[in-house]
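# Observations on the model geometry
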Amino acid sequence: MNKVVWDMDPGIDDALALILALKSPEVRVVGITTVAGNAPVEMTSVNACRVLEYLGAANIPVARGAAHPLNRPLEDALSYHGSDGLGNCGLPMPLTSLHPLKAWDFLVRSVLDAPGEVTLVATGPLTNVASAFKLQPKLPELLARLVLMGGAYSLTPYGKGNRTTFAEFNIWEDPEAAHMVFNSGVDIFAVGLDVTMDPSTCLSNQHLEQIRDRNTKAVRLAAQLVEYEVKYHGCCRMHDPLALAVLLDDSLLDFTLAKVEVVKGNNWDRGITRILPSDNLQLIHVASAVDGHRFLKLFLSRILEE
Ligand code: RIB
Ligand code: CA
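Structural notes, computed from the coordinates.

Calculation notes
Residues numbered from 1 in each chain as written. Chains lettered and ligands numbered in written order. Predicted model: local features only at pLDDT ≥ 70, side-chain atom pairs only at ≥ 80, totals over all residues. Heavy atoms only, no water. Helix = DSSP H or I, 4+ residues; strand = E, 2+ residues; numbered from the N terminus. Rg over C-alpha atoms; globule rule 2.2 N^0.38 Å. Buried < 20%, exposed > 50% of the residue type's maximum accessible area, 1.4 Å probe, protein only. Contact = heavy atoms within 4.5 Å. Phe/Tyr/Trp six-rings, centres within 6.5 Å; stacked < 30°, edge-to-face > 60°. Lys NZ or Arg CZ within 6 Å of the ring centre and 35° of its normal. Pairing = 2+ DSSP bridges. Right-handed = clockwise from strand over helix to strand, strands pointing away. Donors = N, O, S within 2.8 Å, 3.2 Å for Na, K, Ca; no water.

### Quick notes on the overall build of the protein
Within the protein, the regular secondary structure consists of 13 helices and nine strands. The globule rule puts the C-alpha radius of gyration for 306 residues at 19 Å, and the 18 Å found for the protein is close to it. With respect to the principal axes defined by its C-alpha atoms, the protein has extents near 55 × 45 × 35 Å. Per-residue burial for the protein yields a buried fraction of 58% across its 306 residues. Sequence-distant contacts in the protein: of pairs separated by 6 or more residues, those separated by 24 or more amount to 83%.

Put into structure tokens, the structure is as follows:
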């Protein structure tokens, strides 16, 4: 059982990953923190609460975090995720209140209360994670590990950028935060576009047909989210569910150990995640291959669970 605190920017694929987590016995989500990324932080916070309430998990606390990257304004991706950040799925607005702590304080408290036990999952820009590490420099060594969706490492033909030609959105949004986290010494499992843009991991209408007749809340919500992306983007990219899948079945992805440079600043190379010659320092696990068929089979079977 993985005890998980999750920093996210829902976002359609964050929401799909959360549905997967709530239906998977290998994961116990004990807290969620929200960050600006796909949408402004007020919206990502409301969206996390909307999904949790709809699926009967409103007991999971949600603590709001950064409204913008460490030292630059937010550039959101609502043009991709729809005006509400969740594919305009029509989920009711939440009744639950946010946790009183700021995300970084919540992250620090969660880890200090259970040293070595918490796996941090991060599927948005790393602004909150960097802020928590700055607040408590011991945090990297007190985490079981950090599983993140982010980066493009040129390990496969799909490992190119999606926000720029070279850079992946989460890293590009806050490269200073990513640089700090990647050099913090935390045990990182990075799931990048090298595997999440593999066509074998993309949900299509054909996959939806397999679940459409099942009338559960999780299936109805997942179908609406997927339908929006299929309608406007051709297929539904499973970036964040693939990061979560690391905790469900570690045979789905292969990882390679590598030293990774994150490029900061505002030039053409902002947010590039470059694999450097290994010097056996600050190595991180980078996803290098995926069994897309088995991953999608697992995803579909789990959301069908009653
Ligand atoms: O590049 C894809 C990542 O950026 C995903 O986590 C998506 O939700 C956005 O946050
Ligand atoms: Ca995300």
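### Some words on the packing of aromatic side chains
Tallied over the full model, the rule gives three aromatic pairs. When the centroid spacing of 5.3 Å and the interplanar angle of 80° are considered together, the rings of Phe189 and Phe255 count as edge-to-face. Of the two residues, Phe189 sits in strand β6 (residues 188-191) while Phe255 sits in strand β7 (residues 253-262), which places them 66 residues apart along the sequence. Residue class for Phe255 comes out partly exposed when judged on its relative accessible area of 27%. Sitting over the ring of Trp172, Arg270 keeps its end group 3.6 Å from the ring centre.

### With respect to the pairing of strand β2 (residues 27-34)
For β2, a buried count of six out of eight residues is recorded, marking the element as mostly surrounded by other parts of the structure. As judged from the seven bridges shared by strand β1 (residues 2-8) and β2, these two strands associate in the parallel manner. Across the sheet, residue Asn2 finds its bridge partner in β2, namely Val27. As a crossover connection, the stretch from β1 through helix α1 (residues 12-22) into β2 is right-handed. The pairing of β2 with strand β3 (residues 62-64) spans three bridges and is classified as parallel. Among the inter-strand pairings, Thr33 is bridged to a residue of β3, identified as Ala63. Read from β2 through helix α2 (residues 41-54) to β3, the crossover connection turns out right-handed.

### Structural notes on the coordination of the calcium ion (ligand 2)
The coordination sphere of the calcium ion (ligand 2) contains the protein donors Asp9 (OD), Asp14 (OD), Asp14 (OD), Thr123 (O) and Asp240 (OD), at a distance range of 2.1 to 2.6 Å. Sequence positions of the residues that donate to the calcium ion (ligand 2) give the spacing D-x4-D-x108-T-x116-D. Here Asp14 is found in helix α1, whereas its partner Asp240 is found in helix α12 (residues 239-248), with 226 residues between them in sequence. According to the relative accessible area criterion, Asp14 is buried, its value standing at 0%.

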